[in-house]
Amino acid sequence: MILARKFYSSKMKGLLVLTALFVAVFGKKTFEGDQVLRITAKNEAQIFLLKELSEQEHLGLDFWREPVHESLPVDVYVPFHSLQAVRVFLRYNQIQYNVMIMDVQDLLDDEEREMVKYRTIPRSTDDFVYTAYHDLNSIYSFMDMLVAENSNLVSKIVIGQSYENRPLNVLKFSTGANRPGIWFDTGIHSREWVTQASGIWFAKKIVTDYGRDPVLTDILNNYDIFLEIVTNPDGFAYTHSRDRMWRKTRKPNSGSSCVGVDPNRNWDAGFGGGGSSSNPCTETYRGPSAHSEPEVKAIVDFVKSHGKLKAFVSIHSYSQMLLYPYGYTSTPAKDKAELHELARKAVSELQSLHNTAYTYGSVITTIYQADGITVDWTYEQGIKYSYTFELRDTGRYGFLLPADQIIPTAEETWLALMAIMEHTKNNPY
Amino acid sequence: MKTFCSVWLLLSLVELSPAPPASQEPPLACTGAPDPAPPQPETAEDMASTGDLEPTHYPARRAAQVALHYLNTHHGSPFRVFGLQQVHKASAEDVAAGGRKYKLDFSVTDWGSGSAGPALRCSADVLFPRTERHSAPKVELHCEALQQINSTAQEDDAFYQKYISPDSTVSARDIPDSFGNMSEEMQPFWRLARVAASFIMLRESSENTEFNMAKVASITQQESSEEQLMLEFVVLLHDFPSQEIVQWKLLASWSPDRGVRVLQTEWQPRCPHATKPPN
């Protein structure tokens, strides 16, 4: 009461009421009872009050439309626990409002139907829904099921741990010991969802076609295939939980509030050059040193200890390109002519299925200068057939490619991968 | 006073719970602006990028994308948005006043008519000025048969009539959603956002950028003014060379007669990356 008298003024009273009703609720799991209010301020004083309201961080309000001018409605997302306080505040100050969304959870339930539909946990990889995007747990379960169903052909190797201690899982497809190998990775940039989704499809394709498709069977009888589907699991989890547009790893950077390193600028090939950034707050931040990211180091260690990888394909999206080294220098790769011709062939195979137009060439000429990229490093390790894909589309949906394009994308890309694998097998080195 | 007391009573009934670990909750407001994304340096090929250009390489493609944004600002509508299909020929030359002019021969398709749409052949001159502070590229564009492609006047009018009514208060977020889904109803709004965003993408473009619209974060219909649909958009743009996602809020008007006009634009910092646009 004493406090109230001391700060008496209609504006401050309103604020104090709010502060008095402080409830800190974090880490909430549902949006039940949350509402979205549309507020109509009738004068500048009310706008001022609303601006003050927006500064009360403990209420957890999210202004979808900020208070700007009394002629423009103000939309605010109000978590359930703050509803009472906000309503009191508005009524006390005679600010008009109406309820735009009665219950946010209802809305979210509608939105989530895409994934809820498939929430019945698949009992086998034949049950698995390839036409939808999945979260990390589902994908890891898929891997375990695939191994269990095809234990003569597939095994799972854990090549390391992500920064947040998630396992870095690689599927190994092998029909014999001491074979040379072929590597594919998807999802090194977490927001490129069509790549992880395609990786899942490739895994199933391999087990389906072995013993049925003569070309693949011949490849697998001579080479092992390694497939890392979620190459950046921390980033991937983050795209599901917080920011769909997250690209990098999730490792904090000392001396900066910005998180993450671009795992495709962190490799020791032209590391530190102009085609990468030294600023931790940027999407192409190279990291404090080459191979500083555990996600990258794990692959580096694997490649070096394997010693006999003959093809390495790193898969990204978007822009529909097939690219070969280099990204860090305009000096042509020693094997450029062969790599260019193989790219031409692979793209021609790809296009034959759905007429999807691809361009191809070296990274630096076709897309942009990029330093410290995966395939420059693998190429310099002696893995001649080092390629980077950029899958669909060319910018219409970009990273948010509709799920109904997953299978067409995976199918056409597979034809290109087969062309690369076949060429590798027919040209041993 | 009375209200205050009763509210104070309410407070005593309310439970408090602990704050989250700082690492899990991004700041509600970003403190301090980090350095903007450094501009892309010129590569050896940039230096040599005069004369005939390889049409599938990025210098030609970036210039064509600028021409595309220009095309959309002039001819885009709720039922027509163009996408770049292919660059056929390209060349570049340095110009006397300082700057580089690209001559392009390329094809576009209308995303509004689905994948069955015919390709439209265009030619353009795109001039990137070389000034100390960024200034927008200048475009001269000619597309053959632009007048002959199927008119969308009927759909435009129906859409206009539906939403110009004073009761209309369209409001939506995340178009498309994380899975690429977009309702039928939202598609014309997405296209309008894309067209409006093209004004910004055109203005912000340089030889070192390549913009697409990644997503519409929100659409809020404003009160119609002068018989124009008034829409406030928050759009996320994606720049290829820097890979940055850049957020812009804009206010646009549209009617079948006047087309799209952008009235206000405001760059919005995105936490935790508060990166300014590349230029």
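Provided above is the structure to which this section pertains.
What comes next is a walk through the structure. Given the structure is predicted, the values throughout are model-derived calculations rather than measurements.

### Topic: the sheet that holds strand β3 (residues 74-78) of chain A
All names here are of chain A. Read across the sheet, four strands follow the order β2-β3-β1-β4 without closing on themselves; strand pairing throughout is antiparallel. The outermost strands of the open sheet, each flanked by one partner alone, are β2 (62-65) and β4 (96-101). Put simply, the sheet's adjacent strands are angled 30° from each other on average, direction ignored. Each of β1 (35-40), β2 and β3 touches helix α3 (residues 44-54); the most contacted strand, β2, lies at about 135° to it. Lying on the sheet, helix α4 (residues 80-92) is in contact with β1, β3 and β4; it crosses β1 at an angle near 15°.

### Focus: the nonpolar core
Generally speaking, nonpolar side chains in soluble globular proteins are found buried as a group. One finds Phe173, Tyr387, Phe389 and Trp414 of chain A together with Phe233 of chain B to be the most contacted residues of the largest nonpolar core, which totals 102 residues. Ala67, Val87, Tyr102 and Phe128 of chain B belong to the second-largest nonpolar core, a separate cluster that totals 27 residues.

### Considering the packing of aromatic side chains
Residues and elements named next belong to chain A. Considering all chains together, one arrives at 30 aromatic pairs over all chains under this definition. For the ring pair tyrosine 133 and tryptophan 193, a centre distance of 5.5 Å and an interplane angle of 50° mean the geometry is tilted. Placement of the pair is tyrosine 133 in the loop between α5 (104-116) and α6 (136-149) and tryptophan 193 in helix α7 (residues 193-209), with a sequence separation of 60 residues. Here tyrosine 133 falls in the buried class, since its relative accessible area comes to 4%. On the accessibility criterion, tryptophan 193 (2% relative accessible area) is buried. Seen from their ring centres, tyrosine 326 and tyrosine 328 are 5.4 Å apart, and the 70° between their planes marks the pair as edge-to-face. For tyrosine 326, a relative accessible area of 12% corresponds to the buried category.

### Some words on the pattern of salt bridges
Tallied over the entire structure, the rule returns 33 salt bridges over all chains. With a shortest N-O distance of 2.9 Å, lysine 204 of chain A and aspartate 126 of chain A are connected by a salt bridge. Of the two residues, lysine 204 of chain A is situated in helix α7 and aspartate 126 of chain A in the loop between α5 and α6; the sequence distance between them amounts to 78 residues. Judged by its relative accessible area of 15%, lysine 204 of chain A falls in the buried class. Among the salt bridges present, the one from arginine 265 of chain A reaches aspartate 262 of chain A, with a minimum N-O distance of 3.8 Å. Residue classification places arginine 265 of chain A among the buried residues on the basis of a relative accessible area of 2%. According to the relative accessible area criterion, aspartate 262 of chain A is buried, its value standing at 0%. Three or more residues are tied together by salt bridges with common partners; here these are Arg38, Arg65 and Asp75 of chain A together with Glu232 of chain B.

Each value, and the rule that gives it
- Residues numbered from 1 in each chain as written.
- Chains lettered and ligands numbered in written order.
- Predicted model: local features only at pLDDT ≥ 70, side-chain atom pairs only at ≥ 80, totals over all residues.
- Heavy atoms only, no water.
- Pairing = 2+ DSSP bridges.
- Helix = DSSP H or I, 4+ residues; strand = E, 2+ residues; numbered from the N terminus.
- Axes fitted to C-alpha atoms, helices over the stretch in contact; angles between N-to-C directions.
- Contact = heavy atoms within 4.5 Å.
- Core = buried A, V, L, I, M, F, W, Y, C linked by side-chain atoms within 4.5 Å.
- Buried < 20%, exposed > 50% of the residue type's maximum accessible area, 1.4 Å probe, protein only.
- Phe/Tyr/Trp six-rings, centres within 6.5 Å; stacked < 30°, edge-to-face > 60°.
- Salt bridge = Lys/Arg side-chain N within 4 Å of Asp/Glu carboxyl O.

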